[in-house]
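As a plain string of letters, each chain reads:
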Amino acid sequence: MVYPRHTPLDLIGPWEVLARLPEARTHLIWTRPGPVQADRGIEISTTVSFADAPPLDVLVVPGGPGQLSLMKHTLLMEFIRRCAVSSSWVCSICTGALLLGQAGVLRGRRATTHWLARDALRTFGVEVLDERYVVDGKLATAAGVSAGIDLALELARLVSGEHVACEIALQIEYDPEPPLDCGSPVKAPGEVVSRLRAQARRYR
């Protein structure tokens, strides 16, 4: 799924993995086909509307600053609910989980989201885990941004087997070695965590 002001890596990271699955056909879905402005200036063109989208095996909902303005978007909420019934997998990256929560599909389930948005996710009756990704039945959620790649590789393993997932990981040379070990609030310096909490946007 694509929407105005989504976080590009939330979309592109999982797309890069899932588009490599054998015989995969991918779609970029929004209210209408055409260009959509992502966060930080990147423009992505959608390929199909909600109304014309084919039946989906997998729905991936990214997060980003645009999430907040979509919490009462009727067409989007109806589309998510339909996919929760008909699709094999419904997934979110980062604050995309709040859109799933608003649609009601995460109530009583285990899930995760960006560390700054986890309290907001709990208000939807979700058991929120501090994990990189969480799979609960057909619902799969990832923590912040880069965690979408991890979730997509796990999904590739579940859908097409370990051999295929391993091939994809090697194709994209996914072997992270971050220069700083501060990519989670547990590892980052306390003053950095506090500053980001103080600057955090509203999520719902």
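This structure is a prediction, so every number in the text was calculated from the model and none was measured. (Residues numbered from 1 in each chain as written. Predicted model: local features only at pLDDT ≥ 70, side-chain atom pairs only at ≥ 80, totals over all residues. Heavy atoms only, no water.)

A. View of the packing of helix α1 (residues 8-18) against helix α5 (residues 147-160). α5 packs onto α1 with a crossing angle of 25 degrees between their chain directions and a minimal axis gap of 8 Å. Taken together, α1 and α5 sit at an angle that is classed as roughly parallel. Where α1 crosses over α5, the handedness of that crossing is right-handed. Contacts between α1 and α5 pair G13, P14, V17 and L18 from the former with G148, I149, A152, L153, L155 and A156 from the latter. When the residues that make up the contact of α1 with α5 are grouped by side-chain class, the tally is eight nonpolar, two polar and no charged. (Axes fitted to C-alpha atoms, helices over the stretch in contact; angles between N-to-C directions. Helix = DSSP H or I, 4+ residues; strand = E, 2+ residues; numbered from the N terminus. Parallel < 35°, antiparallel > 145°, perpendicular 65-115°, else oblique. Left-handed = near helix turned anticlockwise from the far one by under 90°. Contact = heavy atoms within 4.5 Å. Nonpolar A, V, L, I, M, F, W, Y, C, P; charged D, E, K, R; others polar.)

B. Looking closely at the nonpolar core. One finds L59, L99, L106 and L121 to be the most contacted residues of the largest nonpolar core, which totals 43 residues. Of all the elements in the fold, those that place two or more residues in this core are β1 (29-30), β5 (58-61), α2 (74-86), α3 (96-103) and α4 (118-122). The contacts of L106, once residues within four sequence positions are left out, are A97, L100, G101, A111, L121, G125, V126, L139 and T141. Ranked by size, the runner-up nonpolar core spans 21 residues in total, among them W89, C91, C94 and A143. (Core = buried A, V, L, I, M, F, W, Y, C linked by side-chain atoms within 4.5 Å. Buried < 20%, exposed > 50% of the residue type's maximum accessible area, 1.4 Å probe, protein only.)

C. Expanded view of α5. Look at α5: 20 Å from first C-alpha to last across 14 residues, which is about the 20 Å you get at 1.5 Å a residue. Counting buried positions along α5 gives ten out of 14 residues, so the element sits mostly inside the fold. For α5, the full list of buried residues reads A147, G148, I149, D150, L151, A152, L153, E154, L155 and A156. Against the buried residues of α5 lie α1, β5, β6 (89-93), β9 (133-136), β10 (139-142) and α6 (162-171). Among the residues trailing α5, G161 stands out with phi positive, at a value near 100 degrees. (Expected span 1.5 Å × (residues − 1).)

D. Spotlight on unusual backbone geometry. For R40, which is not glycine, the phi torsion reads 65 degrees and is therefore positive. Within the secondary structure layout, R40 lies in the loop between β2 (34-37) and β3 (43-46). At E173, a position not held by glycine, the phi torsion is positive, near 50 degrees. As for its position among the elements, E173 is in the loop between α6 and α7 (190-199). With relative accessibility at 68%, the residue E173 sits in the exposed group.

E. Layout of the environment of K72. As for its placement among the helices and strands, K72 is situated in the loop between β5 and α2. For the pair K72 and T46, spaced 26 residues apart in sequence, the C-alpha separation works out to 21 Å.

F. View of the pattern of salt bridges. As enumerated under the stated definition, the model contains nine salt bridges in all. The partner of D136 in a salt bridge is R109, with the nearest N and O atoms 3.4 Å apart. Of this pair, D136 sits in strand β9 while R109 sits in the loop between α3 and β7 (110-111), and the two are 27 residues apart along the sequence. Residue classification places D136 among the buried positions, given a relative accessible area of 14%. Notably, a salt bridge pairs D119 with R122, separated by 2.7 Å at the nearest N-O pair. Of the two residues, D119 and R122 both sit in helix α4, three residues apart, roughly one turn of that helix. The exposed category is assigned to D119, whose relative accessible area is 57%. Judged by relative accessible area, R122 falls into the partly exposed class, the value being 37%. Each of the salt bridges in this network shares a partner with another, and the network as a whole consists of R109, R110 and D136. (Salt bridge = Lys/Arg side-chain N within 4 Å of Asp/Glu carboxyl O.)

G. Summary view of the sheet that holds β10. Spatial ordering of the open sheet is given by β5-β6-β10-β9, a layout of four strands whose pairing is mixed. Only two strands of the sheet have a single neighbouring strand rather than two, namely β5 and β9. The average undirected angle you get between the axes of adjacent strands in this sheet is 15 degrees. In this sheet, β6 lies alongside β5 in parallel orientation, the contact comprising four bridges. Residue pairing for β6: L59 is matched across the bridge by V90. Packing of α5 onto the sheet brings it into contact with β5, β6, β9 and β10, and relative to β6 it is tilted by some 165 degrees. (Pairing = 2+ DSSP bridges.)

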